[in-house]
Structure formats: C-alpha cells, structure tokens
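Overview (structure and organization)
These are the residues of each chain, in order.
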Amino acid sequence: MSDRSGFTSPSRVEWGLVAAFWATVALLSVGQTLLGDVSGEVHWGRMAGELIEYTLWGLFTPVVFWFAKALPVVEPTDTKQLTVARNASLHLAVALATSVVVDLSEDAVEAALGERSIAFVQSLSQFWFTDELVVYLVILMAGFARSYYFQQKARQEEAARLEERAEALQSQLTEARLEALRMQLNPHFLFNTLHAVSTLVDRDPTGVRRMIARLSELLRHVLDEEAPQEVPLSQELEFLDDYFEIQSIRFQGRLDTAVDVPSSLRDAQVPNLILQPIVENAIKHGASQVRGVGRIEVRGRREDDRLVLTVTDNGPGLPASQEDGLGLRNVRARLEGLYGEPQTLHLETVPDKGTRAVLKLPYHTRVSLYAAAGTSPPPASVPDPDLD
C-alpha cells in the first residue's frame, strides 16, 4: 500500500509560493482586463470576479493537496483496482463541485456589481465551468507531484536512518569483539593461563592440549569478522563454556561455574558475545573477591514473549555506588540498538550475599523470524574441518 501517513501541511515557504503564484495570476488577469478594453471603460465587476476566483483557488490549493495525499490513484503494490477506481471517482466529483462553486462565485460577484445578469442555470447547462475544471486538474497534478516528492524524501530519510543504524550496530559489534579480546588477553590473564598450562605439561599432556584448543576456539570466535549480529543461545553458551574452562585454569580450582538453561530455549536468538562481558564483570567484582571458592551461575527462562538470562555470583554484592564499566556500557548500547525499548539489563544484590545481573530480551528464534517474513531460513553454515 502507498504511504497514507498524516498530511504534510504546507510550510511557510510553500504558503508564500502559493500566495505569490495566485497573486501574480490575479494581477496579470486584471491587467489584461484593463488593457484589453479599447473603449477605456473600467469593468469593476469583472475585475472583482477575477479577484474572487483566484483568491478561492489560492485557498483551495492546500485542500486539493490534501485530497491528492489522502486519495492516491497510483498504488504500485496494491492490486485492488476498485480502490483506485473509487479514488479517481471521488477526485472527479470534487473537481466538478469545486469548479462549479468557483465559477458561480465569480458570476455572483459580477452580477452583484451589475456587470452581468445572474445566469446560474445557463452557466451549468453550457459548461462555462470548464476552464475552472482545467485549473483544478492542474492543481491536483501538482498535489500528486508534491505527495510523491514527500514520499520519496521520507523513504530516502528512512533508508539513511536504517543504514546509519546498521553501521552503528556493526561498529558496536566490532567494539564488543575488541573489548572481549582485550579483557581476555590482558597480561594478567595470559600469565595465569600459561602458568596453569605449564603445570600440566608433565603430568597431564592431554589436559594441556585441551586448554590450548579451548583458547584457540575462543580466539577464533572473537576474531570472526563475518559473525552475525544474533546467534542461537546454544552457540553463545558453547563460547561461554570455553571461556569458563580457561577461567577455571586461571583460578586453579577456586572457581565453580554452573549453567542451567532449558534445551527448549537454546534456539532463541541473542546478540553475539553478549554474555561474556556480563560474566567477566561477575568474576572481576564478585567471584574473585571471595576467600574461598567463587561461584558463577548462568540461568535462563522464558517469561511470555521475553527471554530472561541471569548471571549470579557469590561475591560481596553491589557497592553503595557503582558505575557501569566499559563492558556493561557496551552491552547496554548494543541492546538498545538491536531491540530499543523491549529489553532491560539491571544488577541487583541477592539476599544470601552476591550480585545478580538480569538480562531480558524479546524472545524469537531464527525460524520464527523467517516464518514471519514468509521466507525459509538459509541452511546453517558448516564449520570448515580444516580449522578444527
């Protein structure tokens, strides 16, 4: 269907152009009346009638523009020709009525000033309003051109906004990858990881190979330039498992992790690399601050049309005043860019000491998105065996 949003009223510039146009036409017409009579007689009634005629056309022009917007006669995406025929019929009826009103108003003014006798019936029967009908159709064509211009302008602005938003989301995704890489590859992390691996070289070569493989998979995922904005929750949890395994090496048995997400939710789409910054925050400010074993729990559930993911630690809880770090600010910005209002992320202190991050997203799957669009999802990509 064509765009039938609210009528764009003429701006001050348009009003000025409309007024200037009809004023110019009126002056030319009056001048022609004055100069065209060789007898030198001034026909005040005729001039008054012409002034009334063009004043009415100036007032009717915005109304005709409104009809052109509200009743389009060309709808490329609409196959219902009855609607187009109805709109065309309405335009014709309004054109005839307006032309008759303008013509009779001009005749009435001239008759009132003694320029001619009243001949309304003759004016209608002999189609003296034909000139006014042509004028109306010209204004209507201008209205259609104006409506088309504003529709195209609105589409271009919307396309520019969508392109700008896509660029912003891509930039945020890149920042998320870089931030994840920065947090995971800081010198302290590398030192602890390599130290933990070195302790296993003699007594557990298999474990060493497993740790190196986990680190390789994590880096490969972070550096994937073709990663989509959203991925299945199962893929995000696989990445988190690799991250947890590396962190377990770092903390040398002082970190306990648990993931409790029903299998029915693992097809839900979530932003790529969205959980890792939240878990990193929980480890840094929570689990790493306890003297005993730190604990991180990741849980998922569904509430109506929303997916709820929680990350809980057993640390000291939220301080009296805490500002989001770069990771959480990045998460909030991406959520806002992807989903707008239907998303939340907040931190809360749990009763038995600790902090819980609660993330709520619109629930949807890859299949449901394509079903809503009336298309079939493309086949899932198959990992390159040479990269394993």
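Provided above is the structure to which this section pertains.
To keep things clear, this report deals only with the structure shown in the data block. (Residues numbered from 1 in each chain as written. Predicted model: local features only at pLDDT ≥ 70, side-chain atom pairs only at ≥ 80, totals over all residues. Heavy atoms only, no water.)

1. Describing the overall build of the protein chain
Rules: Secondary structure follows DSSP: runs of H or I at least 4 residues long count as helices, runs of E at least 2 residues long count as strands, and numbering of each begins at the N terminus. Think of it in three bands: residues with accessible area under 20% of the maximum for their type are buried, residues over 50% are exposed, and the middle band is partly exposed, with areas taken using a 1.4 Å probe on protein chains only. Residue contacts follow a heavy-atom distance rule, with two residues in contact if any of their heavy atoms lie within 4.5 Å. Here the open area of atoms and residues is found with the Shrake-Rupley method and a 1.4 Å probe, where only the protein chains shown may cover a residue.
Helix and strand counts for the protein chain come out as eleven helices and seven strands. Within the protein chain, buried positions represent 40% of all 388 residues. Within the protein chain, contacts between residues at least 6 apart in sequence are counted, and of these 75% link residues at least 24 apart. Of the roughly 22,400 Å² of accessible surface on the protein chain, a fraction of 59% belongs to carbon and sulfur atoms.

2. With respect to the sheet that holds strand β2 (residues 255-260)
What counts, and what does not: In this analysis, strands are considered paired if DSSP registers two or more bridges between them. Convention adopted: a line fitted to C-alpha atoms gives each axis, helices being fitted over their contacting stretch, and angles between N-to-C directions are expressed from 0 to 180 degrees.
An order of β2-β4-β5-β7-β6 is seen for the five strands of this open sheet, with the pairing classed as mixed. In this open sheet, the two edge strands, each paired with only one partner strand, are β2 and β6 (344-349). Ignoring which end each strand starts from, the neighbouring axes of this sheet average 15° apart. Of the strands in this sheet, β2, β4 (294-303) and β5 (306-313) touch helix α8 (residues 233-251), which is tilted by about 170° from β2. Running at roughly 25° to β5, helix α9 (residues 275-285) makes contact with β2, β4, β5, β6 and β7 (355-362) of the sheet.

3. Notes on the pairing of β6
Here β6 runs beside β7; their pairing, made up of six bridges, is antiparallel. Note on β7: the bridge partner recorded for L345 is L359.

4. A short note on the packing of aromatic side chains
Our working rule: A pair of Phe, Tyr and Trp rings is counted when the ring centres sit within 6.5 Å of each other, with Trp represented by its six-membered ring. The angle between the planes then sorts it: under 30 degrees is stacked, over 60 is edge-to-face, the rest tilted.
The tally for this structure, following the rule as stated, stands at five aromatic pairs. Arranged with centres 6.5 Å apart and planes meeting at 80°, the rings of W57 and F60 form a pair that is edge-to-face. Here W57 and its partner F60 are both found in helix α2 (residues 44-70), three residues apart, which amounts to about one turn of the helix. Given a relative accessible area of 25%, F60 falls into the partly exposed group. Arranged with centres 5.2 Å apart and planes meeting at 75°, the rings of W66 and F67 form a pair that is edge-to-face. Classification of W66 by relative accessible area gives partly exposed; the value is 41%. A connected cluster of aromatic rings, assembled from ring pairs, spans F21, W22 and Y54.

5. With respect to the packing of α8 against α9
Counted only if it meets this: In what follows, roughly perpendicular refers to angles from 65 to 115 degrees, roughly parallel to angles under 35, roughly antiparallel to angles over 145, and oblique to any angle outside these ranges. In a left-handed crossing the near helix is turned counterclockwise from the far helix by less than a right angle, and in a right-handed crossing that turn is clockwise. Gly is put with the polar residues, along with every residue not named as nonpolar or charged; the nonpolar set is Ala, Val, Leu, Ile, Met, Phe, Trp, Tyr, Cys and Pro, and the charged set is Asp, Glu, Lys and Arg.
Packing of α8 against α9 brings their axes to within 10 Å, and their N-to-C directions diverge by 30°. Classified by the interaxial angle, the pair formed by α8 and α9 is roughly parallel. The way α8 lies across α9 gives a crossing that is right-handed. Of α9, the residues touching α8 (which contributes L233, E236, L237, F239, L240, Y243, F244, Q247 and F251) are L275, Q276, V279, E280 and I283. Taken together, the residues of the contact of α8 with α9 break down into ten nonpolar, two polar and two charged.

6. Some words on α8
Rules: In a helix, the anticipated span is given by 1.5 Å times the number of residues less one.
Across its 19 residues, α8 extends 26 Å between first and last C-alpha, which sits within 8% of the 27 Å expected from 1.5 Å per residue. Among the residues of α8, L233, E236, L237, F239, L240, D242, Y243, F244, I246, Q247, I249 and F251 are the ones counted as buried. Q252 lies just past α8 and shows a positive phi near 50°.

7. Focus: the pairing of β4
Here β2 runs beside β4; their pairing, made up of six bridges, is parallel. Paired with T257 across the two strands is I296, which belongs to β4. Where β4 and β5 come together, eight bridges link them in antiparallel fashion. When the bridges of β5 are listed, E303 appears paired with R306. Hairpin geometry of β4 and β5 is characterised by an intervening segment of two residues between the two adjacent antiparallel strands and by a positive phi of about 55° at D304.

8. Comments concerning the environment of I283
Position of I283 among the secondary structure elements: in helix α9. Considered as a pair, I283 and Q247 are 36 residues apart in the sequence and their alpha carbons are 9.1 Å apart. Setting aside anything within four residues of it in sequence, one finds I283 in contact with Y243, Q247, F251, L255, S288 and I296.

9. Section: the pattern of salt bridges
Proximity of charged atoms lets side chains of opposite charge pair with each other. As a reminder of what qualifies: Take a side-chain nitrogen of Lys or Arg and a carboxyl oxygen of Asp or Glu: if they are within 4 Å of each other, that pair is a salt bridge.
Counted according to the given criterion, the structure contains eight salt bridges. We note a salt bridge from E158 to R161, for which the minimum N-O separation is 2.4 Å. Taken together, the residues span about one helical turn, with E158 and R161 both in helix α5 (residues 130-184) at a distance of three residues. The partly exposed category is assigned to R161, whose relative accessible area is 48%. Across the salt bridge formed by D260 and R299, the nearest N and O atoms sit 2.9 Å from each other. Placement of D260 in strand β2 and of R299 in strand β4 is noted, with a sequence separation of 39 residues between them. Residue classification places D260 among the partly exposed positions, given a relative accessible area of 41%. According to the relative accessible area criterion, R299 is partly exposed, its value standing at 37%. Because the salt bridges share partners, they merge into one network encompassing D256, D260, R295, E297 and R299.

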